[in-house]
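Here is how the chains run, residue by residue.
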There are 2 protein chains.
Amino acid sequence: MDQIDLKILDFLQQNARISFSELGRAINMTQPAVSERVRKLEEKGIIDSYRTIVSPEKLGKTVTAFILVQTNDCGKLTAFGSQSQDVVEMHQLSGQFNFMLKVQTHSMQSLNTFLSLCSQYGFTSTMTVLSSPLAFKGITSELD
Amino acid sequence: MDQIDLKILDFLQQNARISFSELGRAINMTQPAVSERVRKLEEKGIIDSYRTIVSPEKLGKTVTAFILVQTNDCGKLTAFGSQSQDVVEMHQLSGQFNFMLKVQTHSMQSLNTFLSLCSQYGFTSTMTVLSSPLAFKGITSELD
DNA sequence: CCTGAAAATAGAACCGC
DNA sequence: GCGGTTCTATTTTCAGG
């Protein structure tokens, strides 16, 4: 991991489909050199995956919420969340609420329906998202 | 948006760097046809972006936490979060806590330091992440 | 890490449905 | 409108240095 790798990660985080040729031109390096560095970053697991971000709103999923749950069976809740079309993230937490789900539904009514199902696993506390000033920021290691 | 577009989105969400040729072979369609459909999905904004996911752990960021904040100046908090290397997400919420930050730091000590800075914007409540059974699930529209 | 040739891929123009 | 075919340019891969 050096400054060049960090530059490569910066570009790839902004646009995962950039060609290695173009990336090479941007950082003054030949395409095979970039290609080899990326291969090693993948091999080391520093690059975890390449994902396409689909707009939830454009597919009718206009309601986003975080649901805190106080449950005594994380396993069942995980299974429930895995098969739900509305759940996009699940986290096991420390604290009074030991579980959090991020859900995206197409109406407040369907969120309500989801919460009814959820409540059978424990007490819940729901926070709906009004806006996301920062939906995702890539990692720019502290070396810069 | 039809079943073919959904299949394309499925593949692209799993691997944003798949070639259109390979994608075409997978769904029995020629490369130019796939290319054109993807172009339109981008144009419509259904495809928002292509991102490379970098493993925080592999870069030493081993501590992940969600910080709820009760603040009366979301603007200042947003500005603070934008310039912090540790903040990866920010959401404005409805409820008692009207703001949530997702942070990734390299130790509990640095999380503590971050919280001190954060507390000047309002009351905070921190939940550290023990595990993420589902870090991200792509959207598979309810048509399937 | 660079060069250079071969293979794979992407883009554009055109045709048929 | 939508997808297929063909051709050309670009990109990737792999050899060798």
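Throughout what follows, the structure given in this document is the object of discussion. (Residues numbered from 1 in each chain as written. Chains lettered and ligands numbered in written order. Predicted model: local features only at pLDDT ≥ 70, side-chain atom pairs only at ≥ 80, totals over all residues. Heavy atoms only, no water.)

## Considerations on the nonpolar core
Here is step 1 of the chain: Formed by 34 residues in total, the largest nonpolar core has its most connected members in A:I8, A:L12, A:V38 and B:V38.
Here is step 2 of the chain: Of all the elements in the fold, those that place two or more residues in this core are α1 (3–14), α2 (20–27), α3 (31–43) and β1 (47–54) of chain A together with α1 (3–14), α2 (20–27), α3 (31–44) and β1 (47–54) of chain B.
Here is step 3 of the chain: Every residue in contact with A:V38, bar those within four places of it in the chain, is listed here: A:I8, A:L12, A:F20, A:I47 and A:Y50. (Core = buried A, V, L, I, M, F, W, Y, C linked by side-chain atoms within 4.5 Å. Buried < 20%, exposed > 50% of the residue type's maximum accessible area, 1.4 Å probe, protein only. Helix = DSSP H or I, 4+ residues; strand = E, 2+ residues; numbered from the N terminus. Contact = heavy atoms within 4.5 Å.)

## Focus on the relation of the copies chain A and chain B
Here is step 1 of the chain: When chain A is fitted to chain B, the best match, at an RMSD of 0.1 Å, comes from turning it 180° and sliding it 0.0 Å along the axis. A rotation of that kind, with that shift, is consistent with a two-fold axis.
Here is step 2 of the chain: Both copies present the same face, since 100% of the interface residues in chain A are matched by interface residues at the equivalent positions in chain B. (Least-squares fit on C-alpha atoms with pLDDT ≥ 70 in both.)

## Considering the packing of α1(A) against α3(A)
Two measures define how a pair of helices packs: the angle their axes make with one another and the distance between the axes.
Residue and element names in this part refer to chain A.
Here is step 1 of the chain: Contact geometry for α1 and α3: axes closest at 11 Å, N-to-C directions at 85°. By the angle between their directions, the pair α1 and α3 is classed as roughly perpendicular. Counted together, I4, D5, I8, L9 and L12 of α1 and V34, R37, V38 and L41 of α3 form the full contact between these two elements. (Axes fitted to C-alpha atoms, helices over the stretch in contact; angles between N-to-C directions. Parallel < 35°, antiparallel > 145°, perpendicular 65-115°, else oblique.)

## As for the environment of B:S84
Here is step 1 of the chain: You can see B:S84 is positioned in the loop between α4 (74–83) and β3 (87–93).
Here is step 2 of the chain: For B:S84, a relative accessible area of 9% puts it in the buried group.
Here is step 3 of the chain: Taking C-alpha positions, B:S84 is 15 Å from B:S107, a pair spaced 23 residues apart along the chain.
Here is step 4 of the chain: Those residues in contact with B:S84 that sit more than four places away from it in its chain are A:K137 and B:F114.

## Some points on the environment of B:Q96
Here is step 1 of the chain: As for its placement among the helices and strands, B:Q96 is situated in the loop between β3 and β4 (99–105).
Here is step 2 of the chain: For the pair B:Q96 and B:T71, spaced 25 residues apart in sequence, the C-alpha separation works out to 9.6 Å.

## A closer look at the protein's contact with DNA strand C
Here is step 1 of the chain: DNA strand C sits among A:M29, A:T30, A:P32, A:A33, A:R37, B:S19, B:F20, B:S21, B:R25, B:Q31, B:P32 and B:S35.
Here is step 2 of the chain: Those atoms of DNA strand C that come within 4 Å of the protein belong to sugar or phosphate at a rate of 75%.
Here is step 3 of the chain: Contact distances for DNA strand C include 3.1 Å between a phosphate oxygen and a side-chain N or O atom of A:R37.
Here is step 4 of the chain: For DNA strand C, a phosphate oxygen lies 3.4 Å from a polar atom in the side chain of B:S35.
Here is step 5 of the chain: Every element with two or more residues in the surface near DNA strand C is listed here: α3 of chain A together with α2 and α3 of chain B.
Here is step 6 of the chain: Here the residues of the surface near DNA strand C sort into five nonpolar, five polar and two charged. (Near = heavy atom within 4 Å. Polar contact = N/O pair within 3.5 Å; in protein donor to acceptor, adjacent residues only side chain to side chain. Nonpolar A, V, L, I, M, F, W, Y, C, P; charged D, E, K, R; others polar.)

## A short note on the protein's contact with DNA strand D
Here is step 1 of the chain: Near DNA strand D, the surroundings consist of 13 residues, among which A:S21, A:Q31, B:T30, B:R37 and B:K40 are the closest.
Here is step 2 of the chain: By atom count, sugar and phosphate contribute 74% of the portion of DNA strand D lying within 4 Å of the protein.
Here is step 3 of the chain: Interatomic distance of 3.2 Å between a side-chain N/O atom of A:R25 and a phosphate oxygen of DNA strand D.
Here is step 4 of the chain: A distance of 2.8 Å separates a phosphate oxygen of DNA strand D from a polar side-chain atom of B:T30.
Here is step 5 of the chain: Among the secondary structure elements, those contributing two or more residues to the surface near DNA strand D are α2 and α3 of chain A together with α3 of chain B.
Here is step 6 of the chain: Among the elements that take part in the surface near DNA strand D, α3(B) stands out by supplying four residues, more than any other.

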